[in-house]
Amino acid sequence: MKAANSVVLFLVELVELGAPAAAAYWGFTVSWPLGLAAPAVLVASWALFGSPRAKYKTRGAGRVGFEVLWFGAGVLALFAAGAPVRALALALVCGVSKALAVAWDQ
């Protein structure tokens with residue numbers, strides 16, 4: 001099961017790239033400046049708090065909170081862009097995978 005979750009975690013890491021893409025998709029449905037600004041905000045937050053070389057490292061509950069906000073932004077962007085099924089699928093996959101990663105210290 002741990003090996004299977006490692007594969008799922010890898011896929012979720014790929015989905016992390018989908019959060020800025022979802023934000024851009026949503027933003028461009030509203031206006032082109034928002035289509036540029038929304039993913040820029042997510043990328044900047046990742047650089048500051050989420051990346052391995054982040055200036056402000058997050059650990060423990062702070063890391064969990066950051067990931068909830070990061071993936072939540074992608075889920076909300078998909079929902080707001082009119083893709084509720086994809087938003088729900090993203091939320092479920094990320095939630096289950098992250099819960100298992102915490103339970104198994106991955």
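Everything below is about the structure shown above.
Residues numbered from 1 in each chain as written. Predicted model: local features only at pLDDT ≥ 70, side-chain atom pairs only at ≥ 80, totals over all residues. Heavy atoms only, no water.

### Observations concerning the packing of helix α2 (residues 32–50) against helix α3 (residues 60–80)
Logical step 1: Contact geometry for α2 and α3: axes closest at 11 Å, N-to-C directions at 165°. In terms of their interaxial angle, α2 and α3 are classed as roughly antiparallel. Here α2 and α3 pass one another in a crossing that is left-handed. Contacts between α2 and α3 pair Leu42, Val43, Ser45, Trp46, Phe49 and Gly50 from the former with Arg63, Phe66, Trp70 and Ala73 from the latter.
Logical step 2: Within the contact of α2 with α3, the residues separate by chemical class into seven nonpolar, two polar and one charged. (Axes fitted to C-alpha atoms, helices over the stretch in contact; angles between N-to-C directions. Helix = DSSP H or I, 4+ residues; strand = E, 2+ residues; numbered from the N terminus. Parallel < 35°, antiparallel > 145°, perpendicular 65-115°, else oblique. Left-handed = near helix turned anticlockwise from the far one by under 90°. Contact = heavy atoms within 4.5 Å. Nonpolar A, V, L, I, M, F, W, Y, C, P; charged D, E, K, R; others polar.)

### Notes on α3
Logical step 1: If you check α3, its first and last C-alpha atoms are 30 Å apart, about what 21 residues at 1.5 Å a residue would give, namely 30 Å.
Logical step 2: Of all the positions in α3, only Phe66, Glu67, Trp70, Phe71, Gly74, Val75, Ala77 and Leu78 are classed as buried.
Logical step 3: Just beyond α3, the residue with positive phi is Gly82, at close to 95°. (Expected span 1.5 Å × (residues − 1). Buried < 20%, exposed > 50% of the residue type's maximum accessible area, 1.4 Å probe, protein only.)

### Things to note about the packing of aromatic side chains
Logical step 1: This model, assessed by the stated rule, comprises five aromatic pairs.
Logical step 2: Judged by centre distance (5.5 Å) and plane angle (50°), the ring pair of Trp46 and Trp70 falls under tilted. Here Trp46 is found in helix α2, whereas its partner Trp70 is found in helix α3, with 24 residues between them in sequence.
Logical step 3: With a relative accessible area of 5%, Trp70 lands in the buried category.
Logical step 4: Arranged with centres 6.3 Å apart and planes meeting at 50°, the rings of Phe49 and Phe66 form a pair that is tilted. Of the two residues, Phe49 is situated in helix α2 and Phe66 in helix α3; the sequence distance between them amounts to 17 residues.
Logical step 5: Looking at Phe49, the relative accessible area reads 32%, which means it is partly exposed.
Logical step 6: Connected via pairs of aromatic rings, a cluster forms that spans Trp46, Phe49, Tyr56, Phe66 and Trp70. (Phe/Tyr/Trp six-rings, centres within 6.5 Å; stacked < 30°, edge-to-face > 60°.)

### Side note on a nonpolar patch on the surface
Logical step 1: A surface patch of nonpolar side chains, about 520 Å² in accessible area, is lined by Val7, Phe10, Leu11, Leu14 and Leu17.
Logical step 2: Since its relative accessible area comes to 63%, Leu17 is described here as exposed. (Patch = residues over 30% accessible without salt bridge, like charges linked within 9 Å, V, L, I, M, F, W, Y side chains within 5 Å. Areas by Shrake-Rupley, 256 points an atom, 1.4 Å probe, with all protein chains shown as cover. Salt bridge = Lys/Arg side-chain N within 4 Å of Asp/Glu carboxyl O.)

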